[in-house]
Amino acid sequence: MDEQQLDKSFLGQPKGLSTLFFTEMWERFSYYGMRAILLYYIYDTVANGGLGLPKETALAIMSIYGSLVFMSSIVGGWISDRVLGARKTVFFGGAFIMVGHIVLATPFGVSALFLSIFLIVIGTGMLKPNVSGMVGHLYSKTDTRRDAGFSIFYMGINIGALLAPFVVGTLGQTYNYHVGFSVAAFGMFFGLLQYYFQGKKSLSTIGLNPTNPIGADERKKFMRSLLFALVFVIVLFGGAFATGHLTIGFFINSVSVLGILLPVYYFIKMLTSKNVTAEEKPKVLGYIPLFLAGIVFWSLEEQGSSILALFASERTNDTLFGFSIAPSWFQSLNPIFVVVLTPVFVTLWTKLGKKQPSTVVKFSLGLVFAGLSFVLLMLPGLLYGTDTRVSPLWLFFSFFIMIVGEMCISPVGLSITTKLAPKAFESQTVAIWLLADAASQAINAQIARFYTPQTESAYFGIVGIVAVIAGILLILSKKPIKKLMGSIH
């Protein structure tokens, strides 16, 4: 038995899991704490310490932010695999995130906002995928504790996400937005401290070197590609500046287009590649409807920190059963319900065994539940009008129904991605699934402008019904999709 399997010093798991658990917990605390108040900071008046931007712009910026974070994970994975190794990549990523929050805590307005977005996007892309990868390296292939270890690690993510809105949200909305952002920076600072010092003792040689170092010939090719990309960006934004079109809207639209084109590029690349066999190509085609379903689902789920955050602030009462509720606290409902419902669904699928629904049916159910969570929010406006505040329970039950849907899609999404991916693209499958979320938020940046007090019920109704119809169409397409998937169920 190897040394790692003998190490049971953290809840029966290797000590290194403790290091990575708290690193990810503090990173999620800082990220979700910032997200809990960022929308309000962007559109709140300057007199209240905000930036005073239009609400539709604030909603679009939130969506673009999320889209860029998921797209940057591809870059972060590449830097780790080819250049720095996971250990250094995670540390530098955390440092970027911390500096990004510090910048956001300064009173330098819109300039600070966009600089912080750049830093936090790069930092999160470097840290998030590589911390997860290092968890896997704590265990040998025969270690039966692996699944339990990932479950404990996943709890760290949700603890950070759950606590952040209560701490950062309360400070940001009660005292000052910049105080909230400062606390988020301190959260990442604590995470970095324990990662650096405890990691020296607990992580051994894990992640010290890149797994597939870039060679001299490849480096030249990469530098040419990077130079081409930089020239393209300079020409695009330089041309927009010269013609007077370099606006926040131009930036939002550019990222939206990128969010849609990246997955299109990946699928064309796979379907036309000589390295993809004739047996694998039908599986790729069978995966496309599931990928599109993922985009629809995440489009609704990710509006929890934008459209639903706005609904929480402007449309719900600030008390429930005599207790005061800050709008930012609603951001904790997502991780709370994930923690509560995960063991329920694990038990359900385990008991059903071979009788459990197929992946296509699970995806369909996920879409229907997501759609119903939005249809529910159509009712307050129809019943009471949009000029009065309603019970917070409307949002409570909407989040609950959404997370029931997430339990049907999120856990199986990555699994089916890896099963259907061609062998030549195995290392890129995680990136492809993440791009579904990136594409969904690119779409959200465009549709957010249609949400106004006058269109509230229509917005929730239309978006919700579209998701329900998508779920019905997917289940009606079950047989041809299964045929394309072949032996994969």
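As a convention, each chain's residues are numbered from 1 in the sequence order in which they are written. The predicted origin of the model limits local features to residues at a pLDDT of at least 70 and limits the giving and counting of side-chain atom pairs to 80 or more, whereas totals for whole chains, interfaces and linings rest on all residues. The side-chain figures draw on all heavy atoms in the structure; neither hydrogens nor water molecules are used.

J.: In this structure, what is going on with the overall build of the protein? I would like to understand it.
T.: Secondary structure is summarised from DSSP: a helix means a run of H or I of at least four residues, a strand means a run of E of at least two, and numbering begins at the N terminus for each. Check the secondary structure of the protein and you find 17 helices and two strands. As a reference, a globule follows 2.2 Å times the number of residues to the power 0.38, and the radius of gyration itself is taken over C-alpha atoms. Taken over C-alpha atoms, the radius of gyration comes to 22 Å for the protein, in line with the 23 Å a tight globule of 489 residues would show. Residue exposure (1.4 Å probe, protein chains only): buried if accessible area is under 20% of the type maximum, exposed if over 50%, otherwise partly exposed. Within the protein, buried positions represent 51% of all 489 residues. Long-range pairs, those at least 24 residues apart, make up 82% of the contacts in the protein between residues at least 6 apart in sequence. Method for areas: the Shrake-Rupley scheme with a 1.4 Å probe, in which residue coverage is limited to the protein chains shown. In the structure as shown, the protein presents an accessible area of about 22600 Å², 70% of it carried by carbon and sulfur atoms. Of the charged side chains in the protein, 35 are positive and 23 negative; the average position of the first set lies 8 Å away from that of the second. Two residues form a contact once any of their heavy atoms are found within 4.5 Å. Positive charge is attributed to Lys and Arg, negative charge to Asp and Glu, and no charge count is given to His or to the chain ends. For this purpose, a charge sits on NZ of Lys, CZ of Arg, CG of Asp or CD of Glu.

J.: I'm lost on the domain arrangement of the protein in this one. Help?
T.: A common way to express how large an interface is: the accessible area buried when the components associate. Domain start and stop points were drawn from an automatic or database domain assignment. Here the protein is described as being made up of domain 1 (7-214) and domain 2 (262-488). Computed from C-alpha atoms alone, the centre-to-centre distance between domain 1 and domain 2 is 23 Å. If you look at the interface, domain 1 gives 29 residues, while domain 2 gives 33 residues. The contact between domain 1 and domain 2 buries some 2600 Å² in all, and 67% of this surface belongs to carbon and sulfur atoms. In this description, buried area is defined as the sum, over both parts, of the accessible area (probe of 1.4 Å) that is lost when the two are combined. Per-residue buried area on domain 1 facing domain 2 is highest for Leu59, Phe70 and Ile74; these three make up 22% of the total on that side. For this document, the term salt bridge refers to a Lys or Arg side-chain nitrogen within 4 Å of an Asp or Glu carboxyl oxygen. Linking domain 1 with domain 2 are two salt bridges, by the criterion used here. Any pair of nitrogen or oxygen atoms within 3.5 Å is treated as a polar contact; in protein, a donor-acceptor pairing is required on top of that, and neighbouring residues in sequence qualify only through side-chain atoms on both sides. Our count for the contact surface shared by domain 1 and domain 2 stands at eight residue pairs in polar contact (both at pLDDT 80 or more). Sort the elements by how many residues they give to the side of domain 1 that touches domain 2 and helix H3 (residues 55-84) lands first, with 13 residues. Polar here means any residue other than Ala, Val, Leu, Ile, Met, Phe, Trp, Tyr, Cys and Pro, which are nonpolar, and Asp, Glu, Lys and Arg, which are charged; Gly is therefore polar. Of the residues contributing to the side of domain 1 that touches domain 2, the split by class is 18 nonpolar, eight polar and three charged.

J.: Please clarify how helix H2 (residues 15-43) should be interpreted in this entry.
T.: Residues that lie three or four places apart on an α-helix share one face, since the helix turns once every 3.6 residues. With 29 residues, H2 ought to run about 42 Å at 1.5 Å a step, and its terminal C-alpha atoms sit 44 Å apart, in line with that. Two axes enter the definition of the bend at a residue: one is fitted to the seven residues ending there, the other to the seven starting there, and the bend is the angle between them. Isoleucine 37 marks where H2 bends most, by close to 40 degrees. Taking burial as the measure, the 29 residues of H2 include 25 buried ones, the bulk of the element. Each residue after the first adds 1.5 Å to the expected span of a helix.

J.: For this particular structure, what's the right way to read the packing of H3 against helix H5 (residues 109-136)?
T.: A pair of packed helices is characterised by two quantities: the angle between their axes and the separation of those axes. Helix axes are fitted only over the stretch in contact, all axes being lines through C-alpha atoms; the angle between N-to-C directions runs from 0 to 180 degrees. For the pair H3 and H5, interaxial distance at closest approach is 6 Å and the crossing angle is 50 degrees. The angle between H3 and H5 falls in the class oblique. The interaxial crossing formed by H3 with H5 has right-handed handedness. Here Ile61, Tyr65, Leu68, Val69, Ser72, Ser73, Gly76, Gly77, Ile79, Ser80 and Leu84 of H3 lie close against H5, whose contacting residues are Leu113, Phe114, Ser116, Ile117, Ile120, Val121, Thr124, Gly125, Met126, Pro129 and Asn130. Here the residues of the contact of H3 with H5 are counted per class, giving 13 nonpolar, nine polar and no charged. Any angle that is under 35 degrees is reported as roughly parallel, and any over 145 degrees as roughly antiparallel; angles of 65 to 115 degrees are reported as roughly perpendicular and all others as oblique. Two helices that cross are described as forming a left-handed crossing if the nearer one is turned anticlockwise from the farther one by less than a right angle, and a right-handed crossing if clockwise.

J.: Looking at this structure, I do not really get a positive patch on the surface. What am I missing?
T.: Taken together, Lys220, Lys221, Arg224 and Lys269 make up a surface patch of like positive charges. At three residues, the largest contribution of residues to the positive patch is made by helix H8 (residues 216-242). Relative to the elements of secondary structure, lysine 221 occurs in helix H8. The exposure class of lysine 221 is exposed, given its relative accessible area of 56%. Like charges are joined within 9 Å and nonpolar side chains (Val, Leu, Ile, Met, Phe, Trp, Tyr) within 5 Å, but only among residues with over 30% relative accessible area and no salt bridge; these make up the patches.

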